[in-house]
Amino acid sequence: MFNRGQKLLFLKLLSLFSVVRGYNVLVIAIAQYLTSIYILAPEIPVREVLFDPNLFAIVVASAIAIASGYIINSFYDVEKDLINRPTKTMLDRLVSQRFKLSAYFVLNFISVIFASYVSFRAVVFFSLYIFGIWIYSHKLKKIPFVGNFVSATLAITPFFAVFVYYKNFQPVIFVHAIFLFLIILIREMVKDLENLKGDIAQNYKTIPVVYGERTSKILITCLSLLTFIPAILLVTAFKVGHMYIFFYACMLLMLVFMVFLWRSSTKMHYLVLHNILKFIIVSGVLSILLIDIDLVLNRIM
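Now for a look at the structure at hand. (Residues numbered from 1 in each chain as written. Predicted model: local features only at pLDDT ≥ 70, side-chain atom pairs only at ≥ 80, totals over all residues. Heavy atoms only, no water.)

1. Re the packing of helix 4 (residues 53-76) against helix 9 (residues 146-166)
Operational definition: Here an axis means a line fitted to C-alpha atoms, over the contact stretch when the element is a helix, while the angle between two N-to-C directions is reported on a 0 to 180 degree scale. Only DSSP runs of H or I reaching four residues or more are called helices, and only runs of E reaching two or more are called strands; each is numbered from the N terminus. Note on angle classes: values under 35 degrees are labelled roughly parallel, values over 145 roughly antiparallel, values of 65 to 115 roughly perpendicular, and the remainder oblique. Crossing handedness is read from the near helix: turned anticlockwise from the far helix by less than a right angle, it gives a left-handed crossing, and turned clockwise, a right-handed one. We call two residues contacting when some pair of their heavy atoms lies within 4.5 Å. In this count, Pro and Cys sit with the nonpolar residues alongside Ala, Val, Leu, Ile, Met, Phe, Trp and Tyr, while Asp, Glu, Lys and Arg are called charged and the others, Gly among them, polar.
One way to put it is that helix 4 packs onto helix 9 with a least axis distance of 10 Å and a crossing angle of 165 degrees. Comparing their axes, helix 9 and helix 4 come out roughly antiparallel. The chirality of how helix 4 crosses helix 9 is right-handed. Contacts between helix 4 and helix 9 pair Asn54, Leu55, Ile58, Ser62 and Ile66 from the former with Pro158, Ala161, Val162, Tyr165 and Tyr166 from the latter. For the contact of helix 4 with helix 9, the per-class residue count stands at 8 nonpolar, 2 polar and no charged.

2. Points about the packing of aromatic side chains
As a reminder, the rule being used: Geometry of aromatic contacts follows a simple scheme: Phe, Tyr and Trp rings, the Trp one being its six-membered ring, pair when their centres are within 6.5 Å, and the pair is stacked under 30 degrees between planes, edge-to-face over 60, tilted otherwise. Each residue gets one of three labels from its accessible area relative to the maximum for its type: buried under 20%, exposed over 50%, partly exposed in between, using a 1.4 Å probe on protein chains only.
Applying the stated criterion to the full structure yields 12 aromatic pairs. Measuring from ring centre to ring centre gives 5.9 Å for Phe131 and Trp134, while their planes differ by 35 degrees; the resulting arrangement is tilted. One end of the pair is Phe131 and the other is Trp134, both in helix 8 (residues 120-138) and 3 residues apart, which spans about a single turn. Classification of Phe131 as partly exposed rests on a relative accessible area of 48%. Relative accessible area serves as the criterion here: at 28%, Trp134 is assigned to the partly exposed category. Where Phe160 meets Phe163, the ring centres are 5.8 Å apart and the plane angle is 90 degrees; that geometry is what we call edge-to-face. Taken as a pair, Phe160 and Phe163 lie in helix 9 at a separation of 3 residues, close to a single helical turn. A relative accessible area of 31% places Phe160 in the partly exposed class. Since its relative accessible area comes to 8%, Phe163 is described here as buried.

Next up, the structure:
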C-alpha cells in the first residue's frame, strides 16, 4: 500500500500531466512522425525518418513548447477554469501557481536547447512560437475571433516546423493543413460556447459573449461547410490512398455535427460537439496510416 506522501506525490504528478495535457502532446508528436513518413518524406526509408536526430529534436522541442503553452494557459485561466471545469481545476490546483510558472520557464529553455541542435533558424522559430503562445494566453485569447484564429494557427505551427525541415512544398500538404486548421478553428469556437459561463464571469470577449450564441453558431456552420472543400479536393484531386474513407466519414460526421449544433443549448451539448471534433482530429492522425500501408512495410526494410 502507498503511504500518504506517496499518494500525494502521485496526485501531483497526475495534476501536472493534466495541466500539460500529456495526451494531446503525445498525439501531436505521433502526428508529426506520421506526417513525416507518409506525406512530407515518402521517399525516405522509414528507419531513417524514425532515427533522424534532427527530426527527433524538432518533435521534442515542439512537444515541450506545447506543454509549456498549456501551463501558461492554465496559469492565466485558473479563475475561469474553476467555473467551467471545477473538478479538473481542483486536480490542477495541486500544483501551485508558482511551480507552474517555474516549470513554464524551464520547459521553454529546454525546448530552445533541443531546437539549437537543429539550427539557429530552428531556435528563432521556436522562440517566436513560444512568444506567440504567451501573447495569445495573456492578451489575444480575449479578443473575439482573433483569439480563435491565433489558437488554431498555433496548434498547427509544429507541423510547419517539420514541413520546413523537409522542404516539401507540394500542394497536397497545404490542402491537408487547411483541412486541419478549419477543424481546429471550429473546435476553438465550440469551446467558447462550452465555456460561456466562465468567459462572462471573467470578462473574456469571445464571440458568443459579445455577439451571442446564434452568431457563433452561424460562423461555426460556415466554417463547417468550408471543411468540405479541402476534404473533396483531397479525395478527388490528390492521391491519399485509403485515407479517402476518413474524409468521406468526416464529411458525414460534419453534417451530423451541424444538425446537432443547432439543437444544442447546454454545456453538455457543446461538450459532445467538442468531443466529435476531437475524435475527428485523433482519427485523422491515425488514418494517415491508410495512405499506403504496404509502402511503409516495404520501406522498413
